Amino acid sequence: AGDIGGGSTQSWGIRAIAQTSVKIFRNEVRNVTVTAAVAVDGIFLDQAIGTSEVYQNQVHDIRNTSTSATTAMSGIRATFPTATGQTIRVYNNFVWNILTGYTGAATATRQVKGIRVQDAGGGTGNTMNVDFNSVRLDLGANLNMSSVAFQIGTTSGPIINVRNNIFANVTGAQAGVAKHFTWET
């Protein structure tokens, strides 16, 4: 069931925007659902200031039930503002069961993302540490949508340290352009 959201507007289990040194920890975030081409994230640390942390969370059953939407969705998402000297730490989290209802033609668009960091570029002069997380993706029968367990959304910008994680994408193989990655940048 979609306990959070459940409609056609953007939904997040937890969202902290422009917060200073925020800590999001020891939560179970689940059953966050949307039904249209809008964002859905379990935890979204948006434009974090100072030293912010996301740790010891369980994030699962994040869904977009639309059969046509390709809008990105993620278990945990973290981004920096334009200011420099910020640090984000994402560690000791479990992410699983990020699901799409997409049934259209095979697409290379990576809609389903376990952990997604700095997805819009920028962030120069900041540091992101992603350590000791476990992510498991399995799209089941929805093989036409591409997916990635861990995504860095920029090729320049912040320093991103990624250490000692388990990224598993066990989605079955298929023909065509749809792909299922463990890591993508």
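Located above this text is the structure these notes cover.
Every value quoted in this text rests on a predicted model; they were computed, and no experiment measured them.

1. Re the sheet that holds strand β6 (residues 51–55)
- Overall, parallel pairing links the five strands, which are arranged β3-β6-β9-β12-β15 in an open sheet. The strands lining the two open edges of the sheet, one partner per strand, are β3 (23–25) and β15 (159–163). Each strand axis lies, on average, 10° off the axis of its neighbour in the sheet, ignoring direction.
- Here five bridges tie β6 to strand β9 (residues 87–91), and the two strands are oriented parallel to one another. Pairing of T51 across the sheet is with T87, part of β9.

2. So, the pairing of strand β5 (residues 40–46)
- For β5, the buried fraction is high: seven of the seven residues fall into the buried class.
- Of the pairings in the sheet, the one linking strand β2 (residues 11–17) to β5 comprises six bridges and is parallel in character. Bridging from a neighbouring strand, I17 pairs with D46 of β5.
- Where β5 meets strand β8 (residues 73–78), five bridges bridge the pair, whose relative direction is parallel. When the sheet's bridge partners are listed, F44 is paired in β8 with R77.

3. Digging into the environment of V32
- The topology assignment puts V32 in strand β4 (residues 28–34).
- A C-alpha to C-alpha distance of 18 Å links V32 and S147, two positions 115 residues apart in sequence.
- Those residues in contact with V32 that sit more than four places away from it in its chain are I4, S11, W12, G13, V40, D41, D61, I62 and R63.

4. Comments concerning the pattern of salt bridges
- Tallying each qualifying case throughout the model produces nine salt bridges.
- What emerges from the salt-bridge pattern is a single network uniting D41, R77, R116 and D119.

5. A short note on the sheet that holds β8
- Across the sheet, which stays open at both edges, the six strands sit in the order β2-β5-β8-β11-β14-β17 with parallel pairing between neighbours. Edge positions in the sheet fall to β2 and β17 (180–184), since each of these pairs with one other strand and no more. Put simply, the sheet's adjacent strands are angled 15° from each other on average, direction ignored.
- Summarising the sheet, β8 and strand β11 (residues 110–117) pair through five bridges and their orientation is parallel. Bridge pairing in β11 places M73 opposite V112.

6. Focus: unusual backbone geometry
- Unusually for a residue other than glycine, D61 sits at a positive phi of about 55°.
- Among the secondary structure elements, D61 is positioned in strand β7 (residues 58–64).
- What makes D61 buried here is its relative accessible area of 13%.
- Phi is positive for N97, close to 60°, though the residue is something other than glycine.

Conventions used here
Residues numbered from 1 in each chain as written. Predicted model: local features only at pLDDT ≥ 70, side-chain atom pairs only at ≥ 80, totals over all residues. Heavy atoms only, no water. Pairing = 2+ DSSP bridges. Helix = DSSP H or I, 4+ residues; strand = E, 2+ residues; numbered from the N terminus. Axes fitted to C-alpha atoms, helices over the stretch in contact; angles between N-to-C directions. Buried < 20%, exposed > 50% of the residue type's maximum accessible area, 1.4 Å probe, protein only. Contact = heavy atoms within 4.5 Å. Salt bridge = Lys/Arg side-chain N within 4 Å of Asp/Glu carboxyl O.

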